[in-house]
Amino acid sequence: MSGTVTGAVDLSVVIPAYNEERRLGPTLDAVTAYLADNEGRFGSWEVVVADDGSTDGTGGLVTDRGDPRVRLVAGDRNRGKGHALRLGVAATRGRRVLVTDADLAAPIEELEQLDKALGEGGAAAIGSRSVPGATIARRQHRVRELLGRAGNLLIRRIAVPGIRDTQCGFKLFEGDQAREAFAASRLSGWGIDVEVLQHFRRRDWPVAEVPVRWSHQTGSKVGPLDYLRVLAELGRLKARSVRPADLFAAALFLLMAVTLYSGRLFGPAHRYLPDSLQDQNQWEWFFAVTADSVAHLRNPLFTDLQGFPDGVNLMANTVMLGMSVPFAPVTLAFGPAVSLSVCMTLGLAATAAAWYWLIVRRVVRHRGAAFTGACLAALAPPMVSHANAHPNFVILFVIPLIVDRALRLCEGTRVRRDGIVLGLMAAYQIFLGEEPLLLAAMGMALFAAAYGLVRRDVAREAWRPLLKGLLIAAAVCLPIVAYPLYWQFAGPQSYKSVLHGDNAGNSPLALISFAERSLFAGDAQKANALSLNPTEQNAFYGWPLLLLAFGITVRLWEHALVKALAVTTAAAALLSLGPKFRVPLTDTVYPGPWAPLAHLPLFESVIEGRVAMICAPALGMLLAIAVARITATGRVGTLYGGLLAVCLALLPLVPAPLKAEDRAPVPEFITAGLWKSYVRDGESLVPIPLPDPGNAEALHWQTAAHLGFKLPGGYFNGPYGPDRVGIYGAVPRHTSNMLRDVSYTGSLPALGKNWRAQARRDFADWHAGVLVLAPQQHEEPLREAVTKLVGRPGTWTGGVWVWDLHEGS
């Protein structure tokens, strides 16, 4: 270090330099002359040149000046701008510290603007080329300018939201804050500007962005690779900003998901979740057909591989393109069973992590409380029930992000940007699952109404930016989803609505009972009696949790958030009772709260019992608030008593791993490709009985054969009748109905000439090339039925009975 300084000064100017022999001299002349002429305004001053291991005469320019106010701090070797600035700022004694680049792209005269802004109460005033009022005399090369803008956009998103230009090399800081921030920095490259500003943001030190005059100077030390280095430094910065507790929570969520799916996760191609009924076969087929469409550049919204020859409108089914398309490489490489298993496991963990992030950001900062609430939001009994079969109700990580973005709109700070992001999120969620998005919208509407009534002042301030943002979101979302939605509602094999019976709502008893997969309190017989099937146990929160939630609500009723969450939970629970409400243990039936919505577009296809799923995140947030309050108390009795109550309420809800069993093997006739000699182009393979929602094992055959043949029948949603009402499976035919009845009952009707003529018509409509009967219950009456319909016995080939319909044709 050269030069000596005694005592503090009013202003320190730090100039990082590396091989700046040509440019540094004029810069020092301009800076010292300006400061000397303005000592009345800026007071005593010093200039610290931080030499980053220069190999030219940079250091000599400083020492040769002989001015004790101009000092040199030299590093032993070139390490980067960040390291030089750390050395330089650490050597300052100024009440304020100005950092400026050696090229003086922003003239030293701009210090006056920064000094004025800092005097208005800020901790830092940074020069900016991106705020209104900035003047750019000479621009950079167009490519560098575009890269800079892209980098600034990424920086705002990752590290310092709200600051438009972090990289302008002209910044004025309060001295003590500057020395603390630079000392705490770790980056040695160009990313130090971002790191220091992030430090200011975390300490809530105000930063003013000031428009300056700026002119690009030749001889810039920023090369093409430096942009990549800045990205790498941003990644390191982001990684260091993650708290260990957050990483631990994410790891626990993943462990929970793996444990839940452990029966299928290890060996998914040979394991089946029996409580999924036939849905695992269906979803594996969805993933397989999407990957096939991607690989062969086919329309992913339609296929005739199932329901042949009419086909399946995939957009009108829960094909979940938002996951099945990105997972196409995994599906093609490892098969749909592996792809679906990994997707659902990671998706469930991601959903829990997203709820955790939202609760930390919006509800409570206490990580343990947020973890508890997120566990309930993502692993509540209805979620575990759907985890058997419905990835569209398990992979919900976008929903918390949508909730957060809607809340940002209410703040009204960046309405346009937040509206655009919300529109993109909504479009993606449509390709993940439309019904969960509808339920999420209902939950947010219930919460907004309740909170707005409690905090009318907030509602008055929020409704305009919220409405504007929602309109922007709609304008962004609709063009993206317009064609897929047109295909869904008006394309081939589209339908109007799906009928689920006259009442698919929850029994009030289901809300207070325990689910089948509850590890300690599960009662399969009672749970199945109170639900449509094991995949639709949509309530089952248990009376201890509901009692605890009631106690939390009463105790914390003065809080607006608690009131809104409680009302949301209660309203969703009531709506889930369906269009008809039967008083438990009686035959008395009243119109249910869902009745006014039951016949409205979109709502008519909803299984109304699923509305109770809205309660899961609302209860999770209530629980997080309570746990945070309990842990903050100073009274030991309250602490242990409160935590004990929480544990007792949650213990009955801890899920057991999902049941899994060995999968039925695919017949050799399929796996060995023997079917290829029976099925010609334009023909189908007809399993006996035909695949339908009750038995879709043939879909597994088809995926095992890499979708090499087409199937009539199947498990999907399609139209029926002139009104195009949605039904599960293909349009039933006399032959398929009869074969299905035989497979269930073993009873064979009298099959005469009329039945044989009807079978020939149905075979022709299906373009059948071969009939295949695998070993199964009631195999003998089925084989006898097909023999009579075809007029000859089948042939035992590759582990199945085969009737070649080309024989004698």
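In short, a report on the structure. (Residues numbered from 1 in each chain as written. Predicted model: local features only at pLDDT ≥ 70, side-chain atom pairs only at ≥ 80, totals over all residues. Heavy atoms only, no water.)

**Section: the overall build of the protein chain**
Looking only at helices and strands, the protein chain has 32 helices and 21 strands in total. The principal-axis extent of the C-alpha atoms belonging to the protein chain is close to 115 × 65 × 40 Å. Within the protein chain, the proportion of its 809 residues that are buried is 53%. Put simply, of all contacts in the protein chain between residues at least 6 apart along the chain, 76% involve residues at least 24 apart. Looking at the protein chain as shown, the accessible area adds up to about 35600 Å², and 59% of this sits on carbon and sulfur atoms. In the protein chain, 78 positive and 69 negative side-chain charges are present, and the distance between their average locations comes to 3 Å. (Helix = DSSP H or I, 4+ residues; strand = E, 2+ residues; numbered from the N terminus. Buried < 20%, exposed > 50% of the residue type's maximum accessible area, 1.4 Å probe, protein only. Contact = heavy atoms within 4.5 Å. Areas by Shrake-Rupley, 256 points an atom, 1.4 Å probe, with all protein chains shown as cover. Lys, Arg positive; Asp, Glu negative; His and termini not counted. Charge placed at Lys NZ, Arg CZ, Asp CG, Glu CD.)

**A look at empty space enclosed by the protein**
Scanning the entire structure with this criterion turns up two cavities of 30 Å³ or more. Approximately 50 Å³ is the volume attributed to the largest cavity. Lining the largest cavity, in full, are Asp275, Pro381, Val384, Ser385, Asn388, Ala515, Glu516, Arg517, Pro534 and Gln537. Taken together, the residues of the lining of the largest cavity sort by class into four nonpolar, three polar and three charged. Space inside the second largest cavity adds up to approximately 40 Å³. As for the second largest cavity, its lining consists of Pro381, Val384, Ala515, Arg517, Ser518, Leu653 and Pro655. Of the residues assigned to the lining of the second largest cavity, the class counts are five nonpolar, one polar and one charged. (1 Å grid on protein atoms, 1.4 Å probe; cavity = no way out; pocket = protein on both sides within 12 Å on 5 of 7 lines; lining within 4 Å. Points joined across faces, edges and corners; volume = space filled by probe spheres on them. Nonpolar A, V, L, I, M, F, W, Y, C, P; charged D, E, K, R; others polar.)

**Here we look at the sheet that holds strand S19 (residues 768-773)**
Taking strand neighbours across the sheet as the criterion, the four strands line up as S16-S19-S21-S20 in an open arrangement whose pairing is mixed. In the strand order of this sheet, the two ends are held by strand S16 (684-688) and strand S20 (795-797), each with one partner. The sheet shows a mean angle of 35 degrees between the axes of neighbouring strands, direction not considered. (Pairing = 2+ DSSP bridges. Axes fitted to C-alpha atoms, helices over the stretch in contact; angles between N-to-C directions.)

**Topic: the nonpolar core**
One finds Phe253, Tyr261, Phe669, Ile670 and Leu685 to be the most contacted residues of the largest nonpolar core, which totals 142 residues. When residues in this core are grouped by element, the largest group, 13 residues, is from helix H26 (residues 615-632). Those residues in contact with Phe669 that sit more than four places away from it in its chain are Leu674, Trp675, Tyr678, Leu685, Val772, Thr797, Gly798, Val800 and Val802. Counting residues in each nonpolar core, the second largest holds 33 residues, with Leu24, Phe42, Leu111 and Val212 among its members. (Core = buried A, V, L, I, M, F, W, Y, C linked by side-chain atoms within 4.5 Å.)

**Observations regarding the side chain of Glu608**
Looking at the element boundaries, Glu608 is found in the loop between strand S14 (589-591) and H26. Within the buried core, Glu608 has no salt-bridge partner, and the shortest N-O distance to an opposite charge, that of Arg610, equals 9.1 Å. Excluding its chain neighbours within four sequence positions, the residues that come into contact with Glu608 are Asn503, Ala504, Gly505, Leu575, Ser576, Gly578, Pro579 and Trp594. (Salt bridge = Lys/Arg side-chain N within 4 Å of Asp/Glu carboxyl O.)

**So, unusual backbone geometry**
For the bond running from Phe308 to Pro309, omega is 5 degrees, close enough to zero to count as cis. Within the element layout of this structure, Pro309 appears in the loop between strand S11 (302-303) and strand S12 (312-313). Looking along the chain, the bond that leaves Ile688 and enters Pro689 is cis, with omega of -5 degrees. Topologically, Pro689 is positioned in the loop between S16 and helix H29 (697-704). In this structure, Asn19 takes a positive phi of about 50 degrees despite not being glycine. Tracing the sequence through the fold places Asn19 in the loop between strand S1 (9-17) and helix H1 (21-37). Residue classification places Asn19 among the partly exposed positions, given a relative accessible area of 23%. Within the chain, Phe540 stands out as a residue other than glycine whose phi angle is a positive 60 degrees. By the secondary structure assignment, Phe540 is in the loop between helix H23 (524-529) and helix H24 (543-555).

**Notes on the packing of aromatic side chains**
A complete count under the given rule lists 18 aromatic pairs for this structure. Here the guanidinium or amino end of Arg740 rests over the ring plane of Tyr744, the centre of that ring lying 5.4 Å away. The aromatic ring of Trp801 is capped on one face by Arg783, whose charged end is 4.2 Å from the ring centroid. (Phe/Tyr/Trp six-rings, centres within 6.5 Å; stacked < 30°, edge-to-face > 60°. Lys NZ or Arg CZ within 6 Å of the ring centre and 35° of its normal.)

**What to know about helix H30 (residues 734-745)**
With 12 residues, H30 extends 16 Å from end C-alpha to end C-alpha; this agrees with the ideal 16 Å at 1.5 Å per step. Of the residues making up H30, those classed as buried are Thr735, Ser736, Met738, Leu739, Arg740, Val742 and Ser743. Buried residues along H30 sit against S16, helix H31 (753-765) and helix H32 (779-790). Directly after H30, the chain includes Gly746, whose backbone phi takes a positive value near 80 degrees. (Expected span 1.5 Å × (residues − 1).)

**Considering the pairing of strand S3 (residues 70-74)**
Of all five residues in S3, four are buried, a share of seventy percent or more. The sheet contact formed by strand S2 (residues 45-51) and S3 spans five bridges and is parallel. Across the sheet, Val47 pairs through a bridge with Val70, a residue of S3. Where the polypeptide runs from S2 across helix H3 (residues 58-63) and back to S3, its parallel neighbour, the crossover connection is right-handed. (Right-handed = clockwise from strand over helix to strand, strands pointing away.)

**A closer look at the sheet that holds S2**
An order of S3-S2-S1-S4-S7-S5-S8 is seen for the seven strands of this open sheet, with the pairing classed as mixed. Of all strands in the sheet, those with a lone pairing partner are S3 and strand S8 (207-211), marking the two edges. Strand after strand, the sheet turns through a mean of 20 degrees between neighbouring axes, direction not considered. Relative to strand S7 (residues 170-174), strand S5 (residues 124-128) runs antiparallel, the two sharing three bridges.

**A short note on the side chain of Ser128**
Within the secondary structure, Ser128 is located in strand S5. Ser128 sits in the buried class, given a relative accessible area of 0%. Among the polar contacts listed, one links the side chain of Ser128 to the side chain of Glu209, at a separation of 2.9 Å. (Polar contact = N/O pair within 3.5 Å; in protein donor to acceptor, adjacent residues only side chain to side chain.)

**Looking at a nonpolar patch on the surface**
On the surface, Leu509, Ile512, Trp543, Leu547 and Leu585 cluster together into a nonpolar patch covering about 560 Å² of accessible area. Breaking the nonpolar patch down by element, the ones donating at least two residues are helix H22 (508-512) and H24. Within the secondary structure, Ile512 is located in helix H22. According to the relative accessible area criterion, Ile512 is partly exposed, its value standing at 38%. (Patch = residues over 30% accessible without salt bridge, like charges linked within 9 Å, V, L, I, M, F, W, Y side chains within 5 Å.)

**Looking at H24**
Here H24 spans 18 Å end to end across 13 residues, near enough to the 18 Å set by a 1.5 Å rise per residue. Next to the buried residues of H24 lie helix H16 (367-379), helix H25 (560-575), H26 and helix H27 (636-650).

**Overview of the pattern of salt bridges**
Following the criterion strictly, the structure yields 39 salt bridges and no others. Salt-bridge contacts for Arg663 lead to Glu284; the nearest nitrogen and oxygen are separated by 2.7 Å. One end of the pair, Arg663, is in the loop between strand S15 (661-662) and helix H28 (668-671); the other, Glu284, is in helix H12 (residues 279-295), and 379 residues separate them in sequence. With respect to burial, Arg663 and Glu284 carry one shared label: buried. Linked through salt bridges whose partners overlap, the residues forming this network are Arg41, Arg96, Glu112, Asp115 and Glu174.

**Here we look at the state of the cysteines**
Applying the stated rule across the entire model yields zero disulfides. Unpaired in terms of disulfides, Cys375 finds its nearest cysteine sulfur in Cys647, a separation of 12 Å. Here Cys615 stays unpaired: no disulfide links it, and the sulfur of Cys375, its closest cysteine neighbor, is 18 Å away. (Disulfide = S-S within 2.5 Å.)

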